[in-house]
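Chain by chain, the residues:
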Amino acid sequence: MTAPRGRPGQPLPPGLPGRLGSLGSLRPLGSLRPLGSLGPRTDRGLLLLVLLLVAAVTVFTATVPVLRGFFDLRVYYGAVHTWVHHGGRLYDYRVPGTPYGFTYPPFAAVAMLPLALLGRTTAIVMSLLVNLAALAVVLRVLAGPHWRRHGWYRWTLCLCLLALFEPLRDTVSFGQVNLVLLALVLADAWLLATGRGRWAGAGIGLAAAVKLTPALFIGLLLLAGRRRAAGTAAAVAAAATALAVRADPAASRFYWTEALWDTGRVGRLDYVSNQSLQGVLARLGESGRPLWATAVLLTLGVWAWRGRRAVAAGDWTAAFALTGAAACLVSPITWVHHLVWLLPSFAVLVRAGHPRIAGALYAVLCTSVVWLWYDDASGPGGFLGGNLYTWIALGLLLGLPTGQPRAGRPPLARNASATAPAPSPVSPATTAGPDQPEPSCGATAAATGVADAVPEGRRSPSSEPTGSTCPAAAKPQSSRARASSYTVSPPSS
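Thresholds, definitions, all that
Residues numbered from 1 in each chain as written. Predicted model: local features only at pLDDT ≥ 70, side-chain atom pairs only at ≥ 80, totals over all residues. Heavy atoms only, no water. Helix = DSSP H or I, 4+ residues; strand = E, 2+ residues; numbered from the N terminus. Areas by Shrake-Rupley, 256 points an atom, 1.4 Å probe, with all protein chains shown as cover. pLDDT = per-residue confidence, 0-100. Contact = heavy atoms within 4.5 Å. Axes fitted to C-alpha atoms, helices over the stretch in contact; angles between N-to-C directions. Parallel < 35°, antiparallel > 145°, perpendicular 65-115°, else oblique. Left-handed = near helix turned anticlockwise from the far one by under 90°. Nonpolar A, V, L, I, M, F, W, Y, C, P; charged D, E, K, R; others polar.

(A) Examining the overall build of the protein more closely. Assigned secondary structure in the protein consists of 20 helices and 1 strand. When the accessible surface of the protein is summed, it comes to about 24200 Å², and 65% of that surface belongs to carbon and sulfur atoms.

(B) Inspection of unusual backbone geometry at higher detail. The backbone of Phe70 sits at a positive phi, close to 55°, despite the residue not being glycine. Turning to its location among the elements, Phe70 is positioned in the loop between α2 (43–63) and α3 (71–85). Positive phi outside glycine occurs at Ser368, with the angle close to 60°. Along the chain, Ser368 turns up in the loop between α17 (355–364) and α18 (379–385).

(C) Examining the confidence of the model for the protein more closely. Scored by pLDDT, the protein has a mean of 76; 71% of the residues are at 70 or more. When the elements of the protein are averaged for pLDDT, helix α1 (residues 16–23) gives the smallest value, 35, and helix α19 (residues 388–399) the largest, 96. Residue range residues 1–38 is modelled with pLDDT below 50. Its contacts to residues more than four positions away, or to other chains, number 33 contacts. Segment residues 406–493: pLDDT under 50, and 203 contacts once partners within four positions in sequence are set aside and those in other chains are kept.

(D) Focus on the packing of helix α5 (residues 120–143) against helix α8 (residues 178–193). Where α5 contacts α8, the two axes come as close as 9 Å, and the packing angle between them is 30°. Between α5 and α8, the angle falls in the class roughly parallel. Of the two possible hands of crossing, α5 and α8 adopt the one that is left-handed. Every residue of α8 that contacts α5 at Val130, Asn131, Ala134, Leu135, Val137, Val138, Val141 and Leu142 is listed here: Leu179, Val180, Leu182, Ala183, Leu186 and Trp190. Its residues placed into classes, the contact of α5 with α8 shows 13 nonpolar, 1 polar and no charged.

Following this line, the structure appears as structure tokens:
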């Protein structure tokens, strides 16, 4: 293949031939083969296959999984309406007929104040739209700067696969906020990777003010030496918390002095949906804090070691993915739907050339297999199978590949003349000397694309609104019966 030529007498810009060569490897839509040579050969065939897949996924999600009836959204909606319109105390609200109430920091309620202006149906629609927008942000960041090259067909396949992912479908069905928090965190990773670090950290700060788990990403920024971004995140989180104190001093005082330390308000630690290290120990009957604290310290040590290596290699994707997995493990309670924080890990595995491993682990997280031990997670089977999602998160923390991906490196040219102009007396070839600075990790990440840059007997009922118990009460995640639509009005004062 000959190198592309410019106009006579006009040299090509440096690096253009290499870029043109890489663009030449892209295939048109009609040449895509979903199943090798057995796939459809025309756009019409691709469209028909996509429609069949969408129909199959729609039928599956509408009939097989237990729908959650937007239960968490009902908690948010009822708590905010009681707080704003009826003068009730934020943390005293309970969904009628259940023991479940608001468990997030007060700033989360401040951020959800628009719910006070909406009706129930409108609130559900807005929840769906916000989650879809957050998912779009997550996919855009993880796909990198060349996201358009995947085409509508591959993106549709990706959306079908995501619809099967249990943490994601539960997040949407509960009306949860974890996907929005993930989008805020990954937006910061994109800012850091593309050299727009002036406001980096603001997303992490907001996420940490809504829910405490994302605060671990501030630790990642400190490990990476991004002190300005870490300071921004801490300042935003502090300012948001101060705003909530001003809005309702009594609610803030109650949360930070009592509710935060009462895990019973969140849920039962040994419930099978709790896929954290604390959940594993609780199901083993080990409820002592010293053992759990030791496990947390060991996990954070591994995370710090692997996170520093990922940052040193300029691999922000892996660094953020490792932090998400570690946050899911060390949090006292990690319900199944919190595991949307593992999505960046699958992007890292695919990017690093391990699509089969990524596919196998992803498939397990689509099966709802841990619910086989819904009633009893004792014995070897319960230890292995009832904690399977925890083992996946731990495996990702220990074995996730780090370092720049092959696809992110500039392609090697077959001919030296096709990649660099010959040296001339006016512009002699130079090599880096000892006095020239090496490119920084941030610059390297920016050069390789955003995808490299970015980088969660009968027992008594629980009080967790999102997660978790198996009483006979009308709790969607703990009941075999399908959840009904929201029909309960907020109590009046």
